[in-house]
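# Overview (structure and organization)
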There are 2 protein chains.
Amino acid sequence: MSQKAAADDKKTDGKPAPQPDPARSLALLWGSHTRPGRNGLTIRAIVEKATELADAEGLAALSMRRVAEVLGVGTMTLYSYVPGKDDLTDLMADRLMGTLYSDPDEPKRCGHWRDALLLIAERNWQLHLKHPWLAELVRPRPRLGPNLVQKYDTELRPLDGIGLSDIEMDALLTNIMTQVEGAARLHHRLEREKQDSAQTDEEWWLTQAPVLDRLLDAQRFPVAARVGQSFGDETKAAAAPEMTLKFGLELLLDGVEKKLGKT
Amino acid sequence: MSQKAAADDKKTDGKPAPQPDPARSLALLWGSHTRPGRNGLTIRAIVEKATELADAEGLAALSMRRVAEVLGVGTMTLYSYVPGKDDLTDLMADRLMGTLYSDPDEPKRCGHWRDALLLIAERNWQLHLKHPWLAELVRPRPRLGPNLVQKYDTELRPLDGIGLSDIEMDALLTNIMTQVEGAARLHHRLEREKQDSAQTDEEWWLTQAPVLDRLLDAQRFPVAARVGQSFGDETKAAAAPEMTLKFGLELLLDGVEKKLGKT
DNA sequence: GGCCCTATTCGTACATTGTACGGAACAACG
DNA sequence: CGTTGTTCCGTACAATGTACGAATAGGGCC
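Residues numbered from 1 in each chain as written. Chains lettered and ligands numbered in written order. Predicted model: local features only at pLDDT ≥ 70, side-chain atom pairs only at ≥ 80, totals over all residues. Heavy atoms only, no water.

As recorded in an unreviewed UniProt entry, chain A goes by TetR family transcriptional regulator and comes from Deinococcus piscis.

Right under this line is the structure:
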């Protein structure tokens with residue numbers, strides 16, 4: 001239908017793309033973030049304050065106006081440092097990637113690849129706990145910034161030479177990251193629901209009761225009813241997503257172990 | 001800090017919560033979607049048209065105004081059928097869950113649990129391919145609707161009695177869904193980038209070249225450079241996320257197999 | 001020191017979003 | 001033919017990202 005209808009907005013007067021300029025975004029990521037402007041503002045400062053804001057109030061509360069307000073500058077001033085909001089979130093994400101490990105060989109120093117992967121998963125999990133907005137970013141993974149590349153390298157090192165092909169190494173890491181991110185999303189969703197419906201889970205059962213009734217009394221869902229029961233008990237007791245993640249990781253690593261023939 | 005500061009907006013004049021009413025949302029999901037209004041409109045029709053729109057133009061283009069326009073009704077008319085946009089997307093998602101299997105025993109009929117899980121993963125993957133917006137929804141998983149519960153039950157059945165506890169069954173399924181959704185996100189991200197930067201990937205390498213140079217010439221990232229190379233080759237060749245998913249699934253299932261002691 | 005030019009700052013404006021509000025049109029019932 | 005309650009929807013509002021261009025400040029050159 002309107003497959004290409006949205007391509008030419010402006011008359012394309014010379015510059016190729018006024019809005020999305022991937023080259024500029026990349027240059028920004030890899031460039032210097034500490035060169036101050038006229039009023040002493042730096043990209044780094046913007047990114048840090050924005051991160052604080054997102055940590056405290058969630059990604060939904062992260063608006064250019066709020067960031068500018070917190071920094072005590074005009075809203076549009078931010079745009080002389082950063083092309084747009086997407087680039088800001090990219091910067092925020094990439095910066096965090098630099099905080100994961102103390103040095104590029106930390107995971108490898110675990111010795112066994114399995115321990116290394118567990119460390120990697122744990123660090124990423126903790127990062128997601130500290131920064132709930134990380135898992136909410138629209139972009140599945142942020143643009144390729146220096147810290148992300150560093151992280152990639154750091155996490156690949158303990159896998160190098162254990163018997164996996166390059167592509168398998170990448171696939172394994174990707175799957176682990178997917179697991180962690182997925183668990184983080186679930187975790188934050190539950191957390192938010194818990195504090196949205198406020199106080200006791202007494203009330204939670206009241207609103208959910210009609211559905212649960214329909215669920216249980218009908219034998220349409222025999223297995224779901226029973227498992228949902230167990231899961232519900234577990235859920236209220238502790239952090240279910242973390243258990244799920246641990247379980248999935250074990251399975252994944254056992255699978256790797258089998259693929260490698262033996263430990 | 002502002003933990004509870006945002007609780008009381010309005011004077012709370014009687015009705016508990018004017019905006020987020022989980023009970024109503026749940027009732028909506030489980031209620032009838034075919035009762036027509038004055039002008040013959042039904043919830044089902046709204047949901048279907050909205051789904052078409054999201055399929056064709058992406059989640060970003062899905063606005064209440066557009067949906068109403070397509071349906072030929074006033075914008076606010078939608079609000080007499082659906083409490084808000086979130087509920088609409090919940091309805092859309094839940095409806096799709098009903099299209100996954102022909103009957104509640106289809107996966108179980110595969111015989112072996114491994115084949116069943118592969119079928120389950122494949123179906124969910126195909127669904128994500130058909131509806132890119134599904135993986136973009138903010139809510140990690142939609143609200144508990146009838147079709148989602150049905151799907152849950154259907155997918156649990158082949159796992160029942162093979163030697164896993166209820167919680168393990170749930171965790172396994174959750175992890176598989178996470179894998180699929182993560183792969184879908186990556187897939188759609190690559191797809192979008194490919195058609196955003198338009199025509200040849202010639203140009204892609206031009207914009208990405210400076211970064212890649214910095215990446216390769218520095219020996220800061222020895223492993224990442226090499227693996228990224230392999231991965232880049234693979235990426236251009238075919239659908240990398242799908243391969244990654246297949247790989248991760250195999251590992252996961254091998255892990256399950258080991259846990260069960262033997263096939 | 002004085003002046004000009006360029007890069008930075010940012011007030012205003014606009015398009016777009018979800019949706020609250022309340023009047024208008026309509027159906028059913030007496 | 002009212003009356004009443006439901007459904008429809010035009011208008012309005014607050015919030016968003018950001019384009020535009022006027023004000024402004026700083027730094028180099030005479």
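### Re the overall build of chain A
For chain A, the helix and strand inventory stands at ten helices and zero strands. Along chain A, helices (α) and strands (β) appear in the sequence α-α-α-α-α-α-α-α-α-α when read from the amino end. Long-range contacts, defined here as pairs at least 24 residues apart, represent 71% of the contacts in chain A between residues at least 6 apart. Within the structure as shown, chain A displays about 13,900 Å² of accessible surface, and the carbon and sulfur contribution to it stands at 53%. (Helix = DSSP H or I, 4+ residues; strand = E, 2+ residues; numbered from the N terminus. Contact = heavy atoms within 4.5 Å. Areas by Shrake-Rupley, 256 points an atom, 1.4 Å probe, with all protein chains shown as cover.)

### Section: the protein's contact with DNA strand D
Around DNA strand D sit 21 residues in total, of which Arg65 of chain A together with Arg38, Asn39, Met76 and Thr77 of chain B are the nearest. Protein-adjacent atoms of DNA strand D, using a 4 Å cutoff, are sugar or phosphate at a proportion of 52%. Per-class residue counts for the surface near DNA strand D are seven nonpolar, nine polar and five charged. (Near = heavy atom within 4 Å. Nonpolar A, V, L, I, M, F, W, Y, C, P; charged D, E, K, R; others polar.)

### Considerations on the protein's contact with DNA strand C
Residues in contact with DNA strand C amount to 20 residues; listed here are only the nearest, Asn39, Met76 and Thr77 of chain A together with Arg65 and Lys85 of chain B. Of what DNA strand C places within 4 Å of the protein, 49% of the atoms are sugar or phosphate. Between DNA strand C and Arg38 of chain A there is a distance of 3.0 Å, counted from a base oxygen to a side-chain nitrogen or oxygen. In the model, a base nitrogen of DNA strand C is placed 2.5 Å from a nitrogen or oxygen of the Arg65 of chain B side chain. Here the residues of the surface near DNA strand C sort into seven nonpolar, nine polar and four charged. (Polar contact = N/O pair within 3.5 Å; in protein donor to acceptor, adjacent residues only side chain to side chain.)

### Notes on the relation of the copies chain A and chain B
Least-squares fitting of chain A to chain B yields an RMSD of 0.0 Å, with the superposition described by an axial translation of 0.0 Å and a rotation of 180°. With respect to symmetry, the two chain copies, as superposed, fit the operation of a two-fold axis. (Least-squares fit on C-alpha atoms with pLDDT ≥ 70 in both.)

### Some points on the UniProt feature "DNA-binding region" (unreviewed entry) in chain A
Sequence positions flagged by UniProt for "DNA-binding region" (unreviewed entry) are, in local numbering, residues 63-82 of chain A. Helix makes up 40% of residues 63-82 of chain A and strand 0%, with an end-to-end C-alpha separation of 14 Å. (UniProt positions renumbered as here; feature names shortened; annotations may be inferred.)

### A closer look at the pattern of salt bridges
Residue and element names in this part refer to chain A. Summed over all chains, the structure comprises 37 salt bridges over all chains. Of the charged contacts in the structure, one is a salt bridge between Glu136 and Arg192, with a shortest N-O distance of 4.0 Å. A residue pair is termed long-range when its members are at least 10 positions apart, and Glu136 in the loop between helix 5 (113-130) and helix 6 (146-156) and Arg192 in helix 7 (residues 166-196) qualify at 56 residues. Exposure remark for Glu136: the relative accessible area of 27% places this residue in the partly exposed category. Among the residues examined, Arg192 registers a relative accessible area of 46% and is labelled partly exposed. (Salt bridge = Lys/Arg side-chain N within 4 Å of Asp/Glu carboxyl O. Buried < 20%, exposed > 50% of the residue type's maximum accessible area, 1.4 Å probe, protein only.)

### Observations concerning the packing of helix 2 (residues 43-57) of chain B against helix 3 (residues 64-71) of chain B
Residues and elements named next belong to chain B. Interaxial distance between helix 2 and helix 3 falls to 10 Å at its minimum, and their mutual angle equals 115°. If you check the angle between helix 2 and helix 3, you find them roughly perpendicular. Relative to helix 3, the crossing made by helix 2 is right-handed. Every residue of helix 3 that contacts helix 2 at Ala45, Ile46, Lys49, Ala50, Leu53 and Glu57 is listed here: Arg66, Val67, Val70 and Leu71. Partitioned by chemical class, the residues of the contact of helix 2 with helix 3 number seven nonpolar, no polar and three charged. (Axes fitted to C-alpha atoms, helices over the stretch in contact; angles between N-to-C directions. Parallel < 35°, antiparallel > 145°, perpendicular 65-115°, else oblique. Left-handed = near helix turned anticlockwise from the far one by under 90°.)

### Observations regarding the interface of chain A and chain B
The accessible area lost on association of the parts is a frequent measure of interface size. If you look at the interface, chain A gives 62 residues, while chain B gives 61 residues. Both faces combined, the contact of chain A with chain B buries some 5,900 Å², and carbon together with sulfur accounts for 65% of it. Of all residues in chain A, Trp30, Arg185 and Phe247 of chain A give up the largest surface area on contact with chain B, accounting jointly for 11% of the area buried on that side. At the boundary of chain A with chain B, the tally comes to eight salt bridges. As a salt-bridge pair, Arg185 of chain B and Glu181 of chain A come within 3.9 Å of each other at their nearest N and O atoms. At the junction of chain A and chain B, the tally comes to 13 residue pairs in polar contact (both at pLDDT 80 or more). Among the elements of the structure, helix 1 (22-30), helix 6, helix 7, helix 8 (201-217), helix 9 (222-237) and helix 10 (240-259) of chain A are those that each provide at least two residues to the side of chain A that touches chain B. (Buried area = accessible area lost by both parts, 1.4 Å probe.)

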